[in-house]
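Summary of the model geometry
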Amino acid sequence: MSEKQSREAHETDRRITIRWKGMLALGTALIALGLFVEWPPPQEASVPTTSSFLIILGGLLGAVGLLTVLRGK
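So, a few notes on the structure that sits alongside this text. (Residues numbered from 1 in each chain as written. Predicted model: local features only at pLDDT ≥ 70, side-chain atom pairs only at ≥ 80, totals over all residues. Heavy atoms only, no water.)

For the rest of this paragraph, the subject is the pattern of salt bridges. Per the stated rule, a full pass over the model turns up three salt bridges. In this structure, Arg-14 engages Glu-11 in a salt bridge whose closest nitrogen and oxygen atoms are separated by 2.6 Å. Taken together, the residues Arg-14 and Glu-11, both in helix α1 (residues 2-36) and three residues apart, mark about one turn of the helix. Under the relative-accessibility criterion, Arg-14 is labelled partly exposed at 39%. Owing to a relative accessible area of 28%, Glu-11 belongs among the partly exposed residues under this scheme. Three or more residues are tied together by salt bridges with common partners; here these are Glu-11, Arg-14 and Arg-15. (Salt bridge = Lys/Arg side-chain N within 4 Å of Asp/Glu carboxyl O. Helix = DSSP H or I, 4+ residues; strand = E, 2+ residues; numbered from the N terminus. Buried < 20%, exposed > 50% of the residue type's maximum accessible area, 1.4 Å probe, protein only.)

Encoded structure:
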């Protein structure tokens, strides 16, 4: 029974590793899109600009990815 539990624990660790790496990669991609792509200005004044939205969203995803790494250790 311990062999099965060990395999399941290893599989869970592998999935968590894939998830935090994916979150960091997606966060980096969103920040890069926000910084380097010229987006048209918003049509309405109350809507935030696309670049600032992508930078904030990328930062949040990156932070979640980093917190997942720290929680796993």
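Side chains of Leu-33, Val-37 and Trp-39 sit close together on the surface and give an oily, nonpolar patch of about 230 Å² of accessible area. Mapped onto the fold, Trp-39 is located in the loop between α1 and α2 (50-72). Look at Trp-39 and you get partly exposed, because its relative accessible area is 35%. (Patch = residues over 30% accessible without salt bridge, like charges linked within 9 Å, V, L, I, M, F, W, Y side chains within 5 Å. Areas by Shrake-Rupley, 256 points an atom, 1.4 Å probe, with all protein chains shown as cover.)

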